[in-house]
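Chain by chain, the residues run as shown.
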Amino acid sequence: MKKLFLLSGLFFMFSFANAQKMSNDFLEGQWTSNGVATEIWFNVSDNNELTIIEVSSYDGDPLTVLEHKIVGNAFYYKTVFEELKFESVATFTIINKDTMALDITSDYPAVVLYKRVK
């Protein structure tokens, strides 16, 4: 009986996570890494175009977003931190409706959790 409950709980968690669909509407708003990396604002225009503002959590300096796209249930984007000449490619994946994981590929790879600011 315990195994059945555990499996059904895992299925529920998996189903819930997968119920969230990556989209401009999902991304819209402010997201924080709680001081670990950056703060990000996703804004959606009336014609559904996505604008991204990203600043360093450390000093507030902006990053430049070079490109971005949604593929399947992931959000890919490429940024450069001009001040340090630091470029990265990153992928956001949904954990739940208010949490995403960012997998960063760069000279300093990392996985950072971002929470929606309410």
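The shown structure was predicted, so the numbers you read here are calculated from the model rather than taken from an experiment.

Cut-offs used in this document
- Residue positions within a chain follow its written sequence, with the count starting from 1.
- In keeping with the predicted nature of the model, local features appear solely for residues at pLDDT of at least 70, side-chain atom pairs appear and are counted solely at 80 or more, and the whole-chain, interface and lining totals rest on all residues.
- Side-chain calculation: all heavy atoms of the structure are included, whereas hydrogens and water are not.
- Summary of the metric used: pLDDT quantifies the predictor's per-residue confidence within the range 0 to 100.
- Secondary structure elements follow DSSP: runs of H or I no shorter than four residues count as helices, runs of E no shorter than two count as strands, and numbering proceeds from the N terminus.
- Any pair of residues with heavy atoms lying within 4.5 Å of one another is described as a contacting pair.
- Two N or O atoms count as a polar contact when they lie within 3.5 Å, although within protein this holds only if one can serve as hydrogen donor and the other as acceptor, and sequence-adjacent residues are included solely when both atoms are side-chain atoms.
- Take the buried Ala, Val, Leu, Ile, Met, Phe, Trp, Tyr and Cys residues and link them wherever side-chain atoms come within 4.5 Å; each set so joined is a nonpolar core.
- Burial classes: relative accessible area under 20% of the type maximum marks a residue as buried, over 50% as exposed, and values in between as partly exposed (1.4 Å probe, protein chains only).

### Details of the confidence of the model for the protein chain
Caution applies to low-pLDDT regions: their predicted coordinates should not be interpreted in detail. When the pLDDT values of the protein chain are averaged, the result is 86; 84% of them are 70 or greater. Per-element mean pLDDT across the protein chain ranges from 43 in helix α1 (residues 2–19) up to 98 in strand β1 (residues 29–32). Below pLDDT 50 for its whole length, residues 1–17 participates in four contacts with residues either more than four positions away or in separate chains.

### Quick look at the side chain of Glu39
Position of Glu39 among the secondary structure elements: in strand β2 (residues 38–44). A distance of 2.5 Å separates a polar atom in the side chain of Glu39 from a polar atom in the side chain of Thr32. When residues no more than four places from it in sequence are discounted, the contact partners of Glu39 are Gln30, Trp31, Thr32, Ser33, Asn34, Ile53, Glu54, Val55 and Ser57.

### Things to note about the nonpolar core
Among the nonpolar cores identified, the biggest contains 20 residues, and Met22, Leu27, Phe42, Phe75, Phe92, Met100 and Tyr114 are the most heavily contacted of them. Sorting the residues of this core by element identifies α2 (24–27), β2, β3 (50–56), β5 (74–81), β6 (86–96), β7 (99–105) and β8 (110–116) as the ones contributing at least two each. In contact with Leu27, not counting residues within four places along its chain, are Met22, Phe42, Leu50, Ile70, Phe75, Met100 and Arg116.

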